[in-house]
Structure formats: structure tokens, C-alpha cells
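Notes for the structure review
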Amino acid sequence: MELVIGGAFQGKLAYALETYGLTESDVCDLAVCDPAPGYRCYRHLEALSRREPDAERYLPLFENAVVIARQVNGGIVPMDGEERAWRERYGLLLQKFARNAAHVTRIFCGLSEELK
């Protein structure tokens, strides 16, 4: 797995398309559909984790793919308890994905930083 993380609108998808030679048809958008086999890239892991409490079960599906995930750990801590709980669950999920990834790249302002 190749994990690409970063904040909203930082250039994660553009980076993945260029770096891994992907096209839009290679990408499964988890914000609008459930994970399905056959894609080379899955984006919006955070959306999947909101509707699927056990998103970790998809690790085998993502094993040979590029996974694009938004970082949500920066900024103001939400007052809503459910939102804080989701952020904690999502942060733990990202840690598991990062441990399983061959490489982890953070994108900030369109610039890449190799973390692993």
C-alpha cells in the first residue's frame, strides 16, 4: 500500500495521479461509493471511516493500491463529542494504515514529504 495523506485541497489526488501513473478511472471515490476490488487507488478514506466503523477490514483490499486520506488532526477541536470520538477512531485507523503501508507521503501546499 502507498498511503498519501494531507489536509483538504492540498494536492493529494494530483500527486497520486502523477506519481503512480494513474487516471481518474483508476480511482474509487469512497465519499460516494463503497470500496470495490479492481481499483488502483482509493480516495477519501475519512468518508469511509465515518459510515463504516470497522474500515480496518478493508486493509486487504487496499494492500496493492494507493490510498489517499485527509488529515483531520489539525485545527480546532470540535465541541461535539461524537465528532471528537470519530476523529480519535479515524486517527487510530490512519496509524494502522501507515504501519501497513510500504510508503507514506504527506502533501502540503502541493509539496510532497516522504514520511516512510
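Above: the structure in question.
Residues numbered from 1 in each chain as written. Predicted model: local features only at pLDDT ≥ 70, side-chain atom pairs only at ≥ 80, totals over all residues. Heavy atoms only, no water.

Topic: the overall build of the protein
- In terms of helices and strands, the protein carries four helices and six strands.
- Going from N to C terminus, the protein has its helices and strands arranged as β-α-β-β-α-α-β-α-β-β.
- For a compact globule of 116 residues, the expected C-alpha radius of gyration is about 13 Å, and the protein comes in at 13 Å, within 12% of that figure.
- Here the protein holds 116 residues, and 41% of them are scored as buried.
- For the protein, long-range pairs separated by at least 24 residues make up 54% of all intrachain contacts whose partners lie at least 6 apart in sequence.
- Looking at the protein as shown, the accessible area adds up to about 6,800 Å², and 53% of this sits on carbon and sulfur atoms.
- Computed over 14 positive and 17 negative side-chain charges, the inter-centroid distance for the protein is 4 Å. (Helix = DSSP H or I, 4+ residues; strand = E, 2+ residues; numbered from the N terminus. Rg over C-alpha atoms; globule rule 2.2 N^0.38 Å. Buried < 20%, exposed > 50% of the residue type's maximum accessible area, 1.4 Å probe, protein only. Contact = heavy atoms within 4.5 Å. Areas by Shrake-Rupley, 256 points an atom, 1.4 Å probe, with all protein chains shown as cover. Lys, Arg positive; Asp, Glu negative; His and termini not counted. Charge placed at Lys NZ, Arg CZ, Asp CG, Glu CD.)

Considering the layout of surface pockets
- Approximately 170 Å³ is the volume found for the largest pocket.
- The wall of the largest pocket is formed by Ser-49, Glu-52, Pro-53, Asp-54, Ala-55, Glu-56, Trp-86, Arg-89, Tyr-90, Leu-92, Leu-93 and Lys-96.
- Among the elements that line the lining of the largest pocket, the one with the most residues is helix H4 (residues 81-100), at six residues.
- When the residues that make up the lining of the largest pocket are grouped by side-chain class, the tally is six nonpolar, one polar and five charged. (1 Å grid on protein atoms, 1.4 Å probe; cavity = no way out; pocket = protein on both sides within 12 Å on 5 of 7 lines; lining within 4 Å. Points joined across faces, edges and corners; volume = space filled by probe spheres on them. Nonpolar A, V, L, I, M, F, W, Y, C, P; charged D, E, K, R; others polar.)

A short note on helix H1 (residues 12-19)
- Residues of H1 that are buried include every one of Lys-12, Leu-13, Ala-16 and Leu-17, and no others. Viewed end-on, H1 has its buried residues packed into an arc of 130 degrees, placing them on one side of the element. Exposed side chains of H1 directed beyond 90 degrees from the buried face belong to Ala-14 and Glu-18.
- Here the buried face of H1 lies against strand S1 (2-6), strand S2 (27-29), strand S3 (41-43), strand S4 (66-70) and strand S5 (103-108).
- Phi turns positive, to about 60 degrees, at Gly-21, one or two residues after H1. (Arc of directions from axis to C-beta.)

Describing the sheet that holds S1
- Sheet architecture is open: six strands sit in the order S2-S3-S4-S1-S5-S6, paired in mixed fashion. Two strands close off the open sheet at either side, each with one partner strand: S2 and strand S6 (111-114). When the angles between neighbouring strand axes are averaged without regard to direction, this sheet yields 20 degrees.
- Bridging between S5 and S6 involves four bridges; their strand directions are antiparallel. Paired with Arg-106 across the two strands is Glu-113, which belongs to S6.
- Across the sheet, H1 touches S1, S2, S3, S4, S5 and S6, and the angle it forms with S4 is around 165 degrees. (Pairing = 2+ DSSP bridges. Axes fitted to C-alpha atoms, helices over the stretch in contact; angles between N-to-C directions.)

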